[in-house]
Amino acid sequence: MAVVRRNIIVNPADRDAYIEGVLRLKREDSTLTTAAFGIPGPPAPVSTYDLFVIWHFKAMMTPVPPNGDVGQRNAAHRGPVFLPWHRFMLNLLEVHLQRVLDDPTFGLPYWDWAIDGSLPAPETALIWKPEFMGGAGDPVTDGPFAFRPGDPDSFRVRVEGSPQVTLRQTDRGLRRAFPNAFPSLPNALDVGAAFNVLPPPLGDPDLATYDFAPWLAASRGFRSRLEGFTGTGLHNQVHRWIGGDMAPATSPNDPVFFLHHCNVDRLWEAWMNRNGRTYLPGMEESEDLLGHRIDDPLVSPLGAGATPRSTLDNTGLFVYDLVP
């Protein structure tokens, strides 16, 4: 039976379960070490949670095509696969959370940041209170993911990106710097505009189509609007507003990452409810798009297999309590 993904702000039981599950995955030894991923230094255990950090970083550092530029298109971002890749990641995390919580009914909660983006000061929103995710800081010093230097069991960042754009070991607290590169989070009007397919100047009919050639970051269509390379920012704006550990390729270091992406996935589900469970590009496109075409395997160093097509209808796995 499908689990229900709910708004974390109004469902304290889901909030508490998510926090507990993340802390358990952070303490759990995956049986792999940093040496397995080519991370320099003495081999150190990698937690199950940190596998997701490494996975995200590795995908972002994988260019598509292989001789291309990761800043133009990579295996998880800046192209059509952005939404399927992250849905697959969320699904896998949800399974692990269900396992460590011993609760097959657990659904990954989402953070509806558009509500907070409508506040005069989004940094005062409930999500940043100690009973939720804690606030900003270098390091974060309140909430469930606070850093306590003398306590080895407190939440710690163990893997981060280096200036050489490689992974390295570390041992520090979580960082958040909001409000950072943007004055605010996206708001409800920004979200509504992403679904507005009226003729210009009132809207954009291209938003009824998932993506367009040349299949790059700022191509026309809904994917680039939701990813944040066209329009008002949306997904990208949230990362940049929070800053700190949410800014680099190792952004899953912040547990807010998964709440954010669960909301992005919810918006994709809303788009498919309106426009059909469609995806582009198809397999007739060039192999230069390998990893982004509908039946290409998603790039995953964790070994589990999926394709964009396999992510289009996951209603047998989960549903959202509310879609816009």
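Up top is the structure.
Residues numbered from 1 in each chain as written. Predicted model: local features only at pLDDT ≥ 70, side-chain atom pairs only at ≥ 80, totals over all residues. Heavy atoms only, no water.

Visitor: What is the right way to read the overall build of the chain from this model?
Guide: Scanning the chain from N- to C-terminus turns up nine helices and six strands. Taken against the 2.2 N^0.38 rule, which gives 20 Å for 324 residues, the C-alpha radius of gyration of the chain at 19 Å falls within 12% of a compact globule. With the C-alpha coordinates of the chain rotated into their principal frame, the extents come out at 60 × 45 × 40 Å. Per-residue burial over the chain gives 55% buried out of 324 residues. Of the roughly 13000 Å² of accessible surface on the chain, a fraction of 57% belongs to carbon and sulfur atoms. For the chain, the distance from the average position of its 28 positive side-chain charges to the average position of its 37 negative side-chain charges is 2 Å. (Helix = DSSP H or I, 4+ residues; strand = E, 2+ residues; numbered from the N terminus. Rg over C-alpha atoms; globule rule 2.2 N^0.38 Å. Buried < 20%, exposed > 50% of the residue type's maximum accessible area, 1.4 Å probe, protein only. Areas by Shrake-Rupley, 256 points an atom, 1.4 Å probe, with all protein chains shown as cover. Lys, Arg positive; Asp, Glu negative; His and termini not counted. Charge placed at Lys NZ, Arg CZ, Asp CG, Glu CD.)

Visitor: Is there a simple way to explain the side chain of R172 in this structure?
Guide: Residue placement: R172 occurs in strand β5 (residues 167–172). One polar contact links R172 to D245, side chain to side chain, over a distance of 2.8 Å. Among all residues touching R172, those that are not within four sequence positions of it are F147, F155, R156, V157, E160 and D245. (Polar contact = N/O pair within 3.5 Å; in protein donor to acceptor, adjacent residues only side chain to side chain. Contact = heavy atoms within 4.5 Å.)

Visitor: Please explain the nonpolar core as it appears in this structure.
Guide: In summary, soluble globular proteins display a tendency toward joint burial of nonpolar side chains. If you look at the biggest cluster of nonpolar residues, it comprises 74 residues, and the most contacted ones within it are W111 and W113. When residues of this core are traced back to their parent elements, those giving at least two are α1 (12–27), α2 (48–60), α3 (82–101), α4 (113–117), α6 (222–227), α7 (234–242), α8 (256–275) and β6 (318–320). Those residues in contact with W111 that lie beyond four places of it in its chain are I8, D116, I127, W128, L185, V238, I242, V256, L259, H260 and N263. Among the nonpolar cores identified, the runner-up in size contains ten residues, and I54, M60, L167 and A249 belong to it. (Core = buried A, V, L, I, M, F, W, Y, C linked by side-chain atoms within 4.5 Å.)

Visitor: Would you mind going over the environment of A146 with me for this structure?
Guide: Tracing the backbone through its elements, the reader meets A146 in the loop between α4 and β4 (157–161). You can call A146 buried: its relative accessible area is 4%. For the pair A146 and P130, spaced 16 residues apart in sequence, the C-alpha separation works out to 9.1 Å. Contacts of A146, omitting those with residues within four sequence positions, involve V140, T141, S154 and F155.

Visitor: Just checking my understanding: could you explain the side chain of T48 for this structure?
Guide: Structurally, T48 can be placed in helix α2. You can call T48 buried: its relative accessible area is 4%.

Visitor: How should the pairing of β5 be read in this particular structure?
Guide: Within a regular strand, the side chains alternate between the two sheet faces. Taken together, the four bridges between β4 and β5 define a ladder with antiparallel strand orientation. Within β5, the residue paired with E160 across the bridge is R168. Connecting β4 to the antiparallel partner β5 that follows it, the hairpin turn spans five residues, and V165 within it adopts a positive phi of roughly 60 degrees. (Pairing = 2+ DSSP bridges.)

Visitor: Explain the packing of α3 against α8 to me, please; I cannot follow it from the model alone.
Guide: Axes are the key here: two packed helices are described by the angle between their axes and the distance separating the axes. Here α3 crosses α8 at 125 degrees, and the two axes come no closer than 10 Å. By the criterion of interaxial angle, the relationship of α3 to α8 is oblique. In this structure, α3 crosses over α8, and the sense of that crossing is left-handed. Between α3 and α8, the contacting residues are F82, L83, P84, H86, R87, M89, L90 and L93 on the first element and F257, F258, H261, C262, V264, D265, W268, E269 and M272 on the second. Per-class residue counts for the contact of α3 with α8 are twelve nonpolar, two polar and three charged. (Axes fitted to C-alpha atoms, helices over the stretch in contact; angles between N-to-C directions. Parallel < 35°, antiparallel > 145°, perpendicular 65-115°, else oblique. Left-handed = near helix turned anticlockwise from the far one by under 90°. Nonpolar A, V, L, I, M, F, W, Y, C, P; charged D, E, K, R; others polar.)

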